[in-house]
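# Geometric and topological summary
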Amino acid sequence: MIDLSKITYEGEGPIVNEFCLSICTVNGSGSATANHILYRTLFHMGIPTSGKNIFPSNIKGLPTWFVIRASQKGYTGRQPYDDIVVAMNQVTFEKDMTYLPAGGVVFYGDHLTLPETPNPDLIYYPMPIKSLIKQVDVPRKLVSFMENMIFVGIVGQVLRIPLEDLKFTIYEHFSSKPKIADSNFSMVKLGYDYATENIEKHDRFVTEKLPPMEDYILTDGNNAGGLGALFGGAQYCSWYPITPATSLVESMIDQIDQLRHDPVTGKKTCVILQVEDELAAVGAALGAGWGGLRSMTATSGPGISLMTENIGLAYFAEIPLVIWDVQRVGPSTGLPTRTAQGDLSMLYFLGHGDTSHIILIPGTVTECFEFGWKSLDFAERYQTPIFVLSDLDLGMNQWVTKKFEYPNKPIDRGRVVWEKDLEELEVWGRYMDIDGDGIPRRSVMGNQSPRAAYFTRGTGHDVYGNYNEDPKNWSEILGRIGKKLRSAIPYLPAPVFRKAKQDADIGIIGMGSTDDAIREAQDKLAEIGIHADYMRVRSLPSDTAVREFIASHSRSYVLELNRDGQLCDILSLEISEYSEKLISISDIGGLPMTAAWAVEEIIKRERKVGGSGN
Amino acid sequence: METKAVELNLCGLALSDYKGKPSTLCPGCGHNTISAQVQNAVWELGLPPERYVKLSGIGCSSKGPNYFLNRSFGFNGLHGRMPTLASGACFADASIHILGFSGDGDTASIGMGHFKHVIRRNVPMTYIIENNGCYGLTKGQFSATSDQGLVLKHQGVNMLPPLDMCMEALISGATFVARAYAGDTKQLKELIKAAISQRGIAVIDVISPCVTFNNQDDALQSYTWGRENEAPLHDLKHFINHEDLENEGFKPGTYRELKLDDGTYIVMRKLDKDYDPTDRNAALDLLTESYKNKYYATGLIYISEAQDTIQDLYDLPDEPMNRIGADRLRPTKAMLDEINRSLY
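What you are looking at is a predicted structure, and each value in this text was computed from that prediction instead of being measured.

## Side note on the overall build of chain A
Along the backbone of chain A there are 19 helices and 23 strands. Relative to a compact globule of 614 residues, whose C-alpha radius of gyration would be 25 Å, chain A shows 27 Å and is just as compact. Considering only C-alpha atoms, chain A reaches an extent of 85 × 65 × 40 Å along its principal axes. Relative to its full complement of 614 residues, chain A shows a buried share of 53%. Taking contacts inside chain A between residues at least 6 apart in sequence as the whole, the part at least 24 apart equals 76%.

Structure (C-alpha cells):
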C-alpha cells in the first residue's frame, strides 16, 4: 500500500481531467450501467480514460469497485490511490476512504453512516439518493438501478460534466429502447439538478471537453478477441465456460448472426459448441482443425492445465488450432476474478517431451482484435497450436483503444492439398518436407483422392504417417517440427518500442496489459532523470529485434505481474549471452500494475547500481 | 490357369481396396475379427473408403483402425478422447461418415464422460466399443467392464461390478444401441451395416475376447463364455434394396423389417422370443435381466426414430464447411466500420 501522506495535489485551482474515481458498490446491485454511463461520457468528452472492474468471485451481495481513471496526459493505467470515492456500500465505506489522500473527495449516499471522526482532510458530499428517489414513481425492481443513475447526475454535476453529454451517452447506450433512455435520463437529471441547487463545490477536480477522440473506440479485449476471430474466418469454436475467458466466446455468439452469413448461401459459417469440459473443448477443436476448419477455443489457466495433453498431440500431429488464454491468478483456482501474467512459462513449455509453442501477446484491445484474426492464419500456415495470451485486465475491463483495422491481407489457409493438388504431386507424404522449410503439405478429410488419406497419430511416425520407432526417423521428424516453428519467428508480431526522449542506457521490457502503467512509469522516471527505452514484447519465441534491444542497453528491467519473473526467465534462456543484462522486477497481488510501483522498484535498483540516473 | 474374376461392389471397388495395414494385435484377438467385419461391411455398403473417417482413442482397440480402410483418413488420438475429435470433425464435412473405435478402458473408464456427452449431442457416427473386459496394452489390468470376482494374474480379485455399456448408451439417449459378439461374425457385420445406415449416433458394444489376458473359460468376455452365453435376439440381415429383401422369401409374420435413414433396410427374423427393438422400456428390461443373469443378449437392442443430430442444430451450408472459400469467411469492411461506429 502506497504512503498517502506523500501524495499532494500541487498548486491551487482546478485540477482538470486528471483523476481516479472509484465507485464502491455491492455486486448485483445494478451499478454496471451507471458506471458505464459515467465512463463513456468522459470518453465522449475526449478525455482518455480506462474503466476497471475490481469484482469478487460471486454473483450478488459482495463488495465491488469500478475504477475510472481519467487522464488528459493519457495515463490510464491503474493508480494505487483514489482521488474521488463514490461510496454506496456501508460495509466498505470506511476502508474505501483510506485510499484517498488529503484533498480527496467523498460522494456518499446519505443512507451510509460516516465514521464518528471523519478524516478532516477529505471533502464530503452527501447524496440524498433515498429521499430523491421517493419523489418519483419507480417500479420496485428498478429502484437500485435508478438510485445509481441519481449518483451519476450528482457526481457528474460536481465534476462539471455537461448535462447534454450525459444525455447523449444515455440515449446512445439505450439507442434501441428510447423509453428506458427517458427514465434513466430523468434520474440523472434529478441528481444533476439537485447538485446544481444544493451543492457548493469545494474540491478541485473538474472535467473539460477536449477535441473528440475520433480514431478511438471504447470496448474490452474479450469483445475485440471474439470479433478478431470472426473477422479471421474462425469456423469452429468449442469451449467450456471459465472466468475470465467466457465473454470472449460470448462476444462471438452474440455477433455471429450479424457477421457470419455466407454471402453465397445465406447460411452461417461458424459453429460455436459448448462442451462438457476443457478436455472436450480442446479435443473437439482439434477434431475440427484436423478436419480442415479454422478452429479455436478460449480458456484461462486452469483450462490450459486440463488441455495440456491434447495440445501436445496437436503439436506433434501438426494440427492447426488457436487457444486463447485469458489469464487469471493462479496457481490452482487462485483468484478467479483478478488479473495476472502467470501463465507465460506454462504455455512456453507446455506438454511432456520436446515441445515449443508460438505465443502471441496482445498489449492493447486493438491488438486483441488483430491477433484474433492473425492467430488463425499462423495456426493454419504453421500447422501447430497458437496461443494468444491475454489477461483479465485486458479482456474484461473497458479500454479506450484505437479503432479496429480491417485485416490488411487475405485469409491464409496454409498448405492444404485437395484432389487437384495431389494430381500434380508425384511424391507426397503428410509429413514430408517437400518445400524445404519444415512446413509439410496437409490433406484433410473429404478429399476424394485415393492418395489423400493418412493415419494421424500422436505416436512416432514417418513422413507418411506410418508408425515408426526408428531413432533416426524420430529425430528427423521432431527436428523438422522445430525448424518449422523457428521459420515462423520473423513473421510473428514484432516488439513495440517507445524510445526515451534522450539517449538511454537503460531498457524497460514488458508485455501485455501492463503497457499503460509502464509508459507512465517511463515518463515519471524521465522526470527525475532516469531515462529508459521501453520495449513491449508481443510474441515468443523472440526475434532478433528483442536481442538487439537487450544487447544495446547496459541493463534492462523486465516488469511483469507474476512472482518469479517468467518473461525475464524465458528471455534469459533465449538470449543467454546477455542474460546478465536482464533484471527481473515482478510482483503479483491480482490487481493491474501501477506506474508508481514500477517507478519505485526501478529507482530502488538504480540507486544500488550507483545512482547513475543517467 | 484359371483366374477368378474379382468381385466388385456398387462403386466398382474390390474388397482389397478397403484393406488396411497388417494387424500387429495378438493372433486370435477379437479385435481382428471386428476389423475384418468393418472392412466387409463398408465394402458391401458400396461407398468408396474416402467417404469414411476412422477415429480412435488409445489401447489395443484403438490401434485397430490402422488395420482396415487404408484409403480413409484416420486419427488415433488420446486415451478416452475419441468422442471429442468426432464432435469437431463432424462439422468439417457432414457427408463423410465417422467410424469411431474405442475399448472398454477407453470408453468405460477414462472416456466415460465424453461417451455420454457425444451421445447427448447426437454426433452422427458409428461408435464401436471393442469390449474385452481388461486392459490389454498395459498387460492385463481390470477394466470397468470386467466381471466382479474375475481373477487376473498380478491383479488378484476384481471387487467391483461391471458397467454395461449398452445400458449406459441407452440411458444417455442413443438412438441406435446394439450388442455383438466378435465370435458371431455374420451378425456383427450386419449390425455394422445397419449402424452406418442410420443417422445419428449408433453404438455397438462388441464383446471381443482378449486371448492373452482375459480368455479364461469363466471370464465374461472370453470365447468360451461368449459361445455358451450369447443369446441372439433375432437373426439379422441388412438389405440395400427392398427388392433383394423380397427375393429372400421370408415367411410373413416371422420377421420384422425397419427402414433405415439412408433408405436401406434391416430385417430381424424372430427367434424363440419376439423382441421389439423400437420399445425403449423393453430394451431397459432386457439389459437389466441379461446383466443380472450374465448372458449376452446380442443384436439390435434399441433403435429410435431419427433425432436431430448436432449438425441439424446449426444453420450451415450444405456443402462441406472445409471447402468453403476463404473469401466467404471474412465479414466485409463495411461491417467492421459499423462496429467501430457502434463502439465510439
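## Some words on the overall build of chain B
Along its length, chain B carries 11 helices and 15 strands. Against the 2.2 N^0.38 benchmark of 20 Å for 344 residues, chain B shows a C-alpha radius of gyration of 21 Å, consistent with a compact globule. When the backbone C-alpha atoms are referred to their principal axes, chain B occupies close to 75 × 50 × 50 Å. The 344 residues of chain B split such that 53% are buried. In chain B, the share of contacts with a sequence separation of at least 24, taken over all contacts with a separation of at least 6, comes to 71%.

## Things to note about the interface of chain B and chain A
Facing 45 residues of chain B, the contacting portion of chain A comprises 58 residues. In terms of residues, the side of chain B that touches chain A owes the most to one element, helix α3 (residues 82–89) of chain B, which gives six residues. Per-class residue counts for the side of chain B that touches chain A are 24 nonpolar, 13 polar and eight charged. Note that strand β17 (residues 455–457) of chain A and strand β2 (residues 73–76) of chain B share three bridges and pair parallel. Among the inter-strand pairings, Thr456(A) is bridged to a residue of β2(B), identified as Phe75(B).

## Digging into the sheet that holds strand β12 (residues 234–239) of chain B
Residue and element names in this part refer to chain B. If you walk across this open sheet you meet the three strands as β12-β14-β13, and the pairing is antiparallel. The sheet terminates laterally at β12 and β13 (255–259), the two strands that pair on one side only. Averaged over all neighbouring strand pairs, the angle between strand axes comes to 20°, with direction disregarded. With six bridges connecting them, β12 and strand β14 (residues 265–270) associate as antiparallel partners. Among the inter-strand pairings, Leu236 is bridged to a residue of β14, identified as Met268. Across the sheet, helix α7 (residues 185–197) is in contact with β12 and β14; its angle to β12 comes to roughly 50°.

## Here we look at the sheet that holds strand β11 (residues 271–274) of chain A
Residues and elements named next belong to chain A. Pairing within the open sheet is mixed, and its seven strands lie in the order β11-β10-β12-β13-β15-β14-β21. Only two strands of the sheet have a single neighbouring strand rather than two, namely β11 and β21 (539–540). The sheet contact formed by strand β10 (residues 236–239) and β11 spans four bridges and is parallel. Each bridged residue has a counterpart across the sheet, and for Ser238 the counterpart in β11 is Leu273.

## Examining the pairing of strand β23 (residues 582–586) of chain A
All names here are of chain A. By the bridge criterion, five bridges tie strand β22 (residues 555–560) to β23 in an arrangement that is parallel. Residue pairing for β23: Glu560 is matched across the bridge by Ser586. Handedness of the β-α-β unit built from β22, helix α18 (residues 566–574) and β23 comes out right-handed.

## Some remarks on the environment of Ile575(A)
Residues and elements named next belong to chain A. Counting through the fold element by element, Ile575 comes out in the loop between α18 and β23. Take Ile575: there are 19 C-beta atoms within 10 Å of it, and that puts it in the partly exposed class. A sequence separation of 31 residues divides Ile575 from Thr544, and the C-alpha atoms of the two residues are 9.5 Å apart. Once residues within four sequence positions are removed from consideration, Ile575 is found in contact with Arg547 and Ile550.

## A short note on the packing of helix α6 (residues 165–172) of chain B against helix α10 (residues 280–292) of chain B
Residue and element names in this part refer to chain B. α10 packs onto α6 with a crossing angle of 155° between their chain directions and a minimal axis gap of 10 Å. Taken together, the axes of α6 and α10 are roughly antiparallel relative to one another. As α6 packs across α10, the resulting crossing turns out to be left-handed. For the pair formed by α6 and α10, the contact residues are Cys166, Met167 and Leu170 on the first element and Ala283, Leu284 and Leu287 on the second.

## Notes on α7(B)
Residues and elements named next belong to chain B. Helix length check: α7, at 13 residues, gives a terminal C-alpha distance of 18 Å against a target of 18 Å (1.5 Å per residue), a fit within 8%. Counting buried residues in α7 gives 11 out of 13 residues, a clear majority hidden from the surface. Every buried residue belonging to α7 is among Gln187, Leu188, Lys189, Glu190, Leu191, Ile192, Lys193, Ala194, Ala195, Ile196 and Ser197, and all of these are buried.

## A look at the confidence of the model for chain B
Taken as a whole, chain B shows an average pLDDT of 95; of its residues, 99% reach a score of 70 or greater. On the interface metric, ipTM, the complex scores 0.97, and its pTM is 0.97.

## Examining the packing of helix α9 (residues 278–290) of chain A against α3(B)
Axes are the key here: two packed helices are described by the angle between their axes and the distance separating the axes. Where α9(A) meets α3(B), the closest approach of the two axes is 6 Å, and the angle between their N-to-C directions is 50°. In terms of orientation, α9(A) lies oblique with respect to α3(B). With respect to the hand of their crossing, α9(A) and α3(B) are arranged in right-handed fashion. Contacts from Leu279(A), Ala280(A), Gly283(A), Ala284(A), Ala285(A), Leu286(A), Gly287(A), Ala288(A) and Trp290(A) of α9(A) reach α3(B) at Thr84(B), Leu85(B), Ala86(B), Ser87(B), Gly88(B) and Ala89(B).

## A few points about the environment of Thr33(A)
Residue and element names in this part refer to chain A. Assignment of secondary structure puts Thr33 in helix α1 (residues 32–44). On the basis of neighbour count, Thr33 is assigned to the partly exposed category, with 17 C-beta atoms found within 10 Å. Counting along the chain gives 282 residues from Thr33 to Tyr315, while the straight-line C-alpha distance between them is 44 Å.

## Here's the deal with the pairing of strand β10 (residues 201–207) of chain B
All names here are of chain B. Counted residue by residue, β10 has seven buried out of seven residues, so it is predominantly covered. On β10, burial covers both faces: Ile201, Val203, Asp205 and Ile207 on one face and Ala202, Ile204 and Val206 on the other are all buried. In the sheet, strand β4 (residues 125–131) pairs with β10 via seven bridges, with the strands oriented parallel. When the bridges of β10 are listed, Glu130 appears paired with Val206. Sheet topology places strand β9 (residues 176–181) next to β10; six bridges connect them, and they run parallel. From the neighbouring strand, Phe176 faces β10, where its bridge partner is Ala202. The handedness of the β9 to β10 crossover, carried by α7, is right-handed.

## Structural notes on unusual backbone geometry
A cis amide bond, omega 10°, links Gly330(A) with the succeeding residue Pro331(A). The omega angle of the peptide bond from Leu540(A) to Pro541(A) is 0°, so this bond is cis rather than trans. Unlike most non-glycine residues, Ser332(A) shows phi in positive territory, near 60°. Relative to the assigned elements, Ser332(A) resides in the loop between β13 (321–327) and α11 (344–349). Residue Ser332(A) is classed as exposed on the basis of its 8 C-beta neighbours within 10 Å. Residue Lys294(B) is not a glycine yet carries a positive backbone phi of 55°. Here Lys294(B) lies in the loop between α10 and β15 (296–303).

So, how was this worked out
- Starting afresh in each chain, residues are numbered from 1 along the sequence in its written order.
- Working convention: letters from A go to chains and numbers from 1 go to ligands, in the order in which they are written.
- Per-residue local features of the predicted model are confined to residues with pLDDT of at least 70, and side-chain atom pairs are confined, for both listing and counting, to 80 or more; whole-chain, interface and lining totals are unaffected and use all residues.
- Secondary structure elements are defined from DSSP: runs of H or I of at least 4 residues count as helices, runs of E of at least 2 residues count as strands, and each element is numbered from the N terminus.
- In this description the radius of gyration comes from C-alpha coordinates, and the expected globular size is given by 2.2 Å times residues to the power 0.38.
- Comment: burial labels come from other C-beta atoms within 10 Å of the residue's own C-beta, placed from the backbone, where a count of 20 or more is buried, 12 or fewer is exposed, and between is partly exposed.
- Here contacts are defined at the residue level, using C-beta atoms placed from the backbone and a cut-off of 7 Å between them.
- Each residue is assigned to one class: nonpolar for Ala, Val, Leu, Ile, Met, Phe, Trp, Tyr, Cys and Pro, charged for Asp, Glu, Lys and Arg, and polar for all the others, Gly among them.
- DSSP calls a pair of strands paired once it identifies at least 2 bridges connecting them.
- Angles shown run from 0 to 180 degrees and are taken between the N-to-C directions of axes, each axis being a line fitted to C-alpha atoms and, for helices, limited to the stretch in contact.
- If the strands point away from the viewer and the path from the first strand over the helix to the second runs clockwise, then the crossover is right-handed.
- Between 65 and 115 degrees an angle is taken as roughly perpendicular, under 35 as roughly parallel, over 145 as roughly antiparallel, and anywhere else as oblique.
- Each crossing gets its hand from how the near helix is turned against the far one by less than a right angle, where anticlockwise is left-handed and clockwise is right-handed.
- Multiplying 1.5 Å by the helix residue count minus one yields the expected span of that helix.
- pLDDT measures the predictor's confidence residue by residue and takes values from 0 up to 100.

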